[in-house]
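Fold and contact review
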Amino acid sequence: MNRFEHLLKPLRIKSMELSNRVVLPPITTMLANGDHSVSDANTAYMKRVAGSGAGLIITEVAAVHPDGIEGPGMLGIYDDRFISGLSSVVSEVHKQKHKVMVQIYHVGRESQYQLERGRAAAPSALAGIFKIAPREMNREDIGEVIHCFGQAAIRARAAGFDGVELHAAHGYLLMQFLSELSNHRLDEYGGNFRERSRFILEVIREVRSQVGPDYPISIRISAEEYAVGGYTIEDMLGIVHLFVEAGIDMIHTSFGTQASPGGMVCPTIEYQPGFNAQLAAQIKTVVDIPVIAVGRFTNLSAAEKTLARGDADLVAFGRQHLADPKFFWNALEGKEEATVECLACNQGCIERLYKGKGIRCAINPETGQELIYPERRSGKIRKVLVVGAGPAGLTAAFQAARLGHQVVLLEKEGNSGGQVRLAARAPYKDVYGRWIDKLTKTAIRAGVDIRLGQTADIDFIKKEAADVVIIATGARNIRPAIPGINSPHVIDAWQVLQGAAELTDHTVIIGGGLVGMETADYLREKRISNVVVVDTLLRSPVKKSNGHGYMLHRRLNEAGYQLWLETRIIKIETEQLTVEKAGEEKLLRPVRQVIFAAGSSPFNKLGYALEKENIPYHLIGDACRPRSILEAVEEGAHAAWSIQ
Ligand SMILES: Cc1cc2nc3c(=O)[nH]c(=O)nc-3n(C[C@H](O)[C@H](O)[C@H](O)COP(=O)(O)OP(=O)(O)OC[C@H]3O[C@@H](n4cnc5c(N)ncnc54)[C@H](O)[C@@H]3O)c2cc1C
Ligand SMILES: Cc1cc2nc3c(=O)[nH]c(=O)nc-3n(C[C@H](O)[C@H](O)[C@H](O)COP(=O)(O)O)c2cc1C
């Protein structure tokens, strides 16, 4: 019996025959041309991910109306001029013998771009996440948008797509009509939950009438709104059969909106793979068309179990495709352990999109950079010396070796990984350690000569006489200049996370950034009580709008930990701290231990020494400026790719 019997079973949906049950769900890349047409970067990205083996690929969302597009870099399907570009996407997938649907939508009120242009329209003039009210759609607007969905579906078919998916999830226009939080209409498009589904049903009927009976139409829903006052799965179970009656062939069961707490749409590391399959399972009880489950799937084994249990008919792997699209073939070849798991960090993907930047992946520098990613080995073999085996140095070393260069990587510690080893000690983050282990192994396999426990100094570098020197020596934790900071009960957060310090109740952590908050979370896991995190800032630097940040705040709050903002520590003494909070001096006691996590500074002694000797070098990662894994990996890759 095949280990992936259920996943590898073909599936026919109307005119579309899928070779397996693995789906790439829509992932907006923001790589489109300025006029919203498909760019070379879009096609190159699609060419790479289409090779993943997924039987069904659903493209990123494309807008059916010019006022329905979320912003620059996003795709349009509201005009015939888009058809030729879209057909190049189709052809990349068809070359792989797989099927492709295009997701179509209207953004409604959830676009700052449209709101600022005064073009945003929605069921009611109620503000959403951008706190600006859109214009209420009149009957004419409604009719026009319904018509545009139908026209977009005709274009999808003309471009060669095997089907269309209607985006009725995540708080966009179709869902805005459904939700009481965004639809207060008094006409026939408002009313109770069932009545509010009217707009979606009319869109479905219009699309069906335009594409004919045999063309597959999927609908992506947020099965549960996950918002106070929002609709629930029970509400959805009562209407989902209406979608089928109106002409839907497949239900793609997503969840939440961008306003849902905890980053539900792109669930963070705290969520278990497949946590959402239970919603798909409930939808399956009321319909007899295929249902897709999605949410934190990273490996085929978990997906196979979901199908074997009968919870869903297909399983979508979103961000896993960005981190390592080889997961499918690796599993089929019996080497699942070779797959690099998605960290669910959202840094390179959704968080960059929120900043209006094109897609990346924090741990896979190829993602979103397909046009500049060098495939071929270099014509000239160079001798490359990399100093520091954190994510920046490891990536630079692996990429240089992959391109055929001769690489030596020096690391002063007995282990590779740099600060990521500390990050991996925080609750839920062990996958960070697994990533570093894999990257290290991959680098060694590519031929990197990793020398652990060896500190590089200027004499060594001169003696080595490498053609290219890459400095990736990272950062170190700053010891803040506070009277009493050298007392025996004051320790470094890095030491704590290394497990090298004895912990005690009544602890104060200096610094409420990610390291301070994760150190607190580590203490929480060790059942340390009475912990206060202090920071001079007015607002927590770990934002609750970020899913992991939200979870961290919630866990620490539930553990009774306190976060004192706008607080400066004046003096550290045995058993007590003097602090200034909002202009007032206060005594904090008893304080048995103080942990500092007040930021880090670049560790780049070698760079200065190399400059003195006129030896050219690349400076990458935190050694340049402390930031995050995303920059460390990207700069590591770019340094290697630039070797001539
Ligand atoms: C607790 C914690 C949690 C974090 N969580 C996250 C997170 O969730 N997401 C995120 O993006 N970032 C996180 N970060 C930050 C992230 O880990 C760093 O931005 C990243 O590791 C920087 O990579 P790097 O390779 O530039 O430097 P580093 O990781 O600092 O690696 C530098 C390496 O160089 C070695 N080295 C230094 N000098 C020499 C020398 N002379 N010879 C040989 N070797 C030398 C060091 O020993 C070290 O191994 C976290 C950091 C910490 C401390
Ligand atoms: C960068 C990014 C862009 C996304 N764009 C879309 C989109 O265009 N349409 C959509 O329905 N969902 C979109 N999603 C949500 C994904 O399709 C998927 O539901 C989500 O990532 C959870 O699945 P995962 O845990 O497997 O990544 C996007 C997610 C990410 C990370």
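The structure presented is a predicted model; accordingly, all values stated were derived computationally and were not measured.

Most of helix H1 (residues 40-50) is tucked away: nine of the 11 residues are buried. Looking at the buried positions of H1, the neighbouring elements they touch are strand S3 (22-24), strand S4 (56-63), strand S5 (75-76), helix H2 (83-95) and helix H11 (319-323). Backbone nitrogen of Ala41 and a side-chain oxygen of the N-cap are separated by 3.2 Å at the start of H1; the cap is Ser39.

Turning to the pattern of salt bridges, a few remarks are in order. Proximity of charged atoms lets side chains of opposite charge pair with each other. In this structure the tally under the stated criterion is 35 salt bridges. Note that Arg555 and Asp521 form a salt bridge whose closest N and O atoms lie 2.8 Å from each other. Taken together, the residues Arg555 in helix H20 (residues 547-558) and Asp521 in helix H19 (residues 514-525) connect sequence positions 34 residues apart. Across the pair, Asp521 and Arg555 agree in class, each one buried. Glu558 is the partner of Arg554 in a salt bridge, and the nearest nitrogen-oxygen pair spans 3.9 Å.

Within the open sheet, the five strands sit side by side as S16-S15-S14-S17-S28. Their pairing is parallel. One side of each edge strand has no neighbouring strand; the edge strands of this open sheet are strand S16 (449-452) and strand S28 (618-619). Sheet analysis places strand S14 (residues 383-387) next to strand S15 (residues 406-411), joined by five bridges and oriented parallel. Of the residues in S15, the one forming a bridge with Val384 is Val407.

The buried fraction of strand S6 (residues 99-105) is high, at six of seven residues. Where S6 lies against strand S9 (residues 163-168), four bridges are found, and the strand directions are parallel. Bridged to Val102 within S9 is Val164.

Our focus in this paragraph is the domain arrangement of the chain. Under the domain assignment used here, the chain contains domain 1 (11-354), domain 2 (383-477 + 601-641) and domain 3 (490-598). Just the C-alpha atoms count here: the centres of domain 2 and domain 3 sit 31 Å apart. Listed by partner, the interface residues are 10 residues for domain 2 and 17 residues for domain 3. Taking both partners together, domain 2 and domain 3 bury about 1100 Å²; carbon and sulfur atoms supply 59% of that area. Counting the contacts that link domain 2 with domain 3 gives one salt bridge. The closest approach of N and O atoms between Lys429 and Glu518, which form a salt bridge, is 2.8 Å. Inspection of the domain 2/domain 3 interface yields five residue pairs in polar contact (both at pLDDT 80 or more). Among the elements that line the side of domain 2 that touches domain 3, the one with the most residues is strand S18 (residues 475-477), at three residues.

Around ligand 2 there are 22 residues in total, and Pro26, Thr28, Arg220, Arg296 and Arg319 lie nearest to it. Here an oxygen atom of ligand 2 and a backbone polar atom of Gly318 are 2.8 Å apart. Take Arg319: an N or O atom from its side chain is 2.7 Å from an oxygen atom of ligand 2. Here ligand 2 loses 97% of its free accessible area of 600 Å² to cover by the protein chains.

In a disulfide, the sulfur atoms of two cysteines are held together by a covalent bond. In the structure shown here, the tally under the stated rule is zero disulfides. Free of any disulfide, Cys345 has its nearest neighbouring cysteine sulfur in Cys349, separated by 6.4 Å. Considering cysteine sulfurs only, Cys266 is the nearest to Cys349, which forms no disulfide, with 6.1 Å between them. The buried category is assigned to Cys349, whose relative accessible area is 12%.

What follows covers the sheet that holds strand S25 (residues 584-591). The strand order across the open sheet formed by three strands is S23-S24-S25, and the pairing between neighbours is antiparallel. This sheet does not close on itself; its edge strands, each paired only once, are strand S23 (567-573) and S25. Strand-to-strand twist across the sheet, computed as the mean angle between neighbouring axes with direction ignored, equals 25 degrees.

Attention shifts here to the packing of H19 against H20. For any two helices packed against each other, one specifies the crossing angle of their axes together with the interaxial distance. It is at 10 Å that the axes of H19 and H20 come closest, and there the two elements cross at 45 degrees. Considering the angle they form, H19 stands oblique to H20. Of the two possible hands of crossing, H19 and H20 adopt the one that is left-handed. Residues Leu514, Met517, Glu518, Ala520, Asp521 and Arg524 of H19 pack against His548, Leu552, His553, Arg555 and Leu556 of H20.

Time to look at the side chain of His167. With respect to the helices and strands, the residue His167 is situated in strand S9. For His167, a relative accessible area of 4% puts it in the buried group. Side-chain polar atoms of His167 contact the backbone nitrogen of Ala169, separated by 3.3 Å. Contact partners of His167, with chain neighbours within four places excluded, come to Val61, Gln103, Ile104, Tyr105, Tyr172, Leu174 and Arg220.

Let us look at the side chain of Glu206. Relative to the elements of secondary structure, Glu206 occurs in helix H7 (residues 198-211). Of the side chains bearing the opposite charge, Arg205 lies closest to the buried Glu206, which forms no salt bridge; the N-O distance is 9.8 Å. Apart from the residues within four sequence positions on either side, Glu206 is in contact with Ile146, His147 and Gly150.

What follows concerns the packing of aromatic side chains. The full count for this structure, using the stated rule, is 11 aromatic pairs. Here the aromatic rings of Phe177 and Tyr189 are separated by 6.3 Å at their centres, their planes lie at 75 degrees, and the arrangement is edge-to-face. Placement of the pair is Phe177 in helix H5 (residues 173-178) and Tyr189 in the loop between H5 and helix H6 (193-196), with a sequence separation of 12 residues. On the accessibility criterion, Tyr189 (7% relative accessible area) is buried. Ring centres of Tyr373 and Trp641 lie 5.4 Å apart, and the angle between their planes is 90 degrees; on these two criteria the pair is classed as edge-to-face. A residue pair is termed long-range when its members are at least 10 positions apart, and Tyr373 in the loop between helix H13 (350-354) and S14 and Trp641 in helix H22 (residues 629-641) qualify at 268 residues. For Tyr373, a relative accessible area of 13% corresponds to the buried category. In textbook terms, an aromatic cluster arises when at least three aromatic residues are bridged by ring pairs, as seen for Phe177, Tyr189 and Phe199. Here the basic side chain of Arg198 rests over the ring of Tyr189, its NZ or CZ set 5.5 Å away from the ring centre.

Calculation criteria
- Residues numbered from 1 in each chain as written.
- Chains lettered and ligands numbered in written order.
- Predicted model: local features only at pLDDT ≥ 70, side-chain atom pairs only at ≥ 80, totals over all residues.
- Heavy atoms only, no water.
- Buried < 20%, exposed > 50% of the residue type's maximum accessible area, 1.4 Å probe, protein only.
- Helix = DSSP H or I, 4+ residues; strand = E, 2+ residues; numbered from the N terminus.
- Contact = heavy atoms within 4.5 Å.
- Polar contact = N/O pair within 3.5 Å; in protein donor to acceptor, adjacent residues only side chain to side chain.
- Salt bridge = Lys/Arg side-chain N within 4 Å of Asp/Glu carboxyl O.
- Pairing = 2+ DSSP bridges.
- Domains from an automatic or database assignment.
- Buried area = accessible area lost by both parts, 1.4 Å probe.
- Near = heavy atom within 4 Å.
- Areas by Shrake-Rupley, 256 points an atom, 1.4 Å probe, with all protein chains shown as cover.
- Disulfide = S-S within 2.5 Å.
- Axes fitted to C-alpha atoms, helices over the stretch in contact; angles between N-to-C directions.
- Parallel < 35°, antiparallel > 145°, perpendicular 65-115°, else oblique.
- Left-handed = near helix turned anticlockwise from the far one by under 90°.
- Lys, Arg positive; Asp, Glu negative; His and termini not counted.
- Phe/Tyr/Trp six-rings, centres within 6.5 Å; stacked < 30°, edge-to-face > 60°.
- Lys NZ or Arg CZ within 6 Å of the ring centre and 35° of its normal.

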